Amino acid sequence: MIIEKANLNDLDEILDLQKLSYINEAELYNDNSIEPLNQTIDEIREEFQKGIILKSFDYEYGIVGSIRAIKSNNNIMIRKLIVHPDFQNMGIGKKLLSAIESYYISLYSNIDFYLFTGYKSSKNLYLYRKCGYKEFKTEKISENFGFVHFKKKSNDIYI
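Residues numbered from 1 in each chain as written. Predicted model: local features only at pLDDT ≥ 70, side-chain atom pairs only at ≥ 80, totals over all residues. Heavy atoms only, no water.

### Structural notes on the pattern of salt bridges
Okay, step 1: Overall, the coordinates contain 11 salt bridges when judged by the stated rule.
Okay, step 2: Put simply, glutamate 47 and arginine 68 hold a salt bridge, and the shortest N to O gap is 2.5 Å. On the criterion of sequence distance, the pair formed by glutamate 47 in helix 4 (residues 41–50) and arginine 68 in strand 3 (residues 62–72) is long-range, its members being 21 residues apart.
Okay, step 3: The buried category is assigned to arginine 68, whose relative accessible area is 3%.
Okay, step 4: Note that lysine 151 and aspartate 112 form a salt bridge whose closest N and O atoms lie 3.8 Å from each other. One end of the pair, lysine 151, is in strand 7 (residues 145–153); the other, aspartate 112, is in strand 5 (residues 112–118), and 39 residues separate them in sequence.
Okay, step 5: Connected through salt bridges with shared partners, the residues Glu35, Glu47, Arg68 and Lys80 form a single ionic network. (Salt bridge = Lys/Arg side-chain N within 4 Å of Asp/Glu carboxyl O. Helix = DSSP H or I, 4+ residues; strand = E, 2+ residues; numbered from the N terminus. Buried < 20%, exposed > 50% of the residue type's maximum accessible area, 1.4 Å probe, protein only.)

Spelled out as structure tokens, the structure:
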């Protein structure tokens, strides 16, 4: 597995992987209107221009994972950590998360990392806690849906 910066030519494949990866989330919340399933190629290109997208690449299978982040002041907003369903629970998500943290820590000091996930997304909640992220807010969107927000300080990360 190789983790590296994605390029513009990777975005179609990453968007397809994103939609495949978020099917389980949509089923968990019984909601096919979630943003990751409806994002367009133009929207992902805009994210590419504003931040960084990393990919996890396997020479046999292609792109099997990805993560995005955008810097705003001294905050890094991590978005859409995705791993192909056939490659989940193999440590790829943890490696992608670590890679994005390392990337930003190599460029900036004293930054905070933020991310969020659905409150029913037990695998994501477990991963983020295991990786040292601390819950700081819950956000109720509707009766059946809400987010758990996490934060991690750069001085809590050891590279």
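### Examining the side chain of glutamate 47
Okay, step 1: Relative accessible area serves as the criterion here: at 18%, glutamate 47 is assigned to the buried category.
Okay, step 2: In terms of polar contacts, glutamate 47 uses its side chain to reach the side chain of glutamine 39, at 3.3 Å.
Okay, step 3: A distance of 2.5 Å separates polar atoms of two side chains, one belonging to glutamate 47 and the other to arginine 68.
Okay, step 4: Not counting residues up to four positions away in its chain, the partners in contact with glutamate 47 are Gln39, Arg68 and Lys80. (Polar contact = N/O pair within 3.5 Å; in protein donor to acceptor, adjacent residues only side chain to side chain. Contact = heavy atoms within 4.5 Å.)

### Considerations on the sheet that holds strand 7
Okay, step 1: As summarised here, the arrangement of the seven strands in space is 1-2-3-4-5-7-6, forming an open sheet in which the pairing is mixed. Single-partner strands in this sheet number two, and they are strand 1 (2–5) and strand 6 (134–142). Averaged over neighbouring strand pairs, the angle between their axes works out to 25° when direction is ignored.
Okay, step 2: One ladder, built from seven bridges, connects strand 5 with strand 7; its direction is antiparallel. When the sheet's bridge partners are listed, tyrosine 114 is paired in strand 7 with lysine 151.
Okay, step 3: Those strands touched by helix 5 (residues 92–107) are strand 1, strand 2 (52–58), strand 3, strand 4 (75–83), strand 5 and strand 7, and its axis lies near 35° from that of strand 3.
Okay, step 4: On the sheet, helix 6 (residues 122–130) packs against strand 4, strand 5, strand 6 and strand 7 and is oriented at approximately 160° with respect to strand 5. (Pairing = 2+ DSSP bridges. Axes fitted to C-alpha atoms, helices over the stretch in contact; angles between N-to-C directions.)

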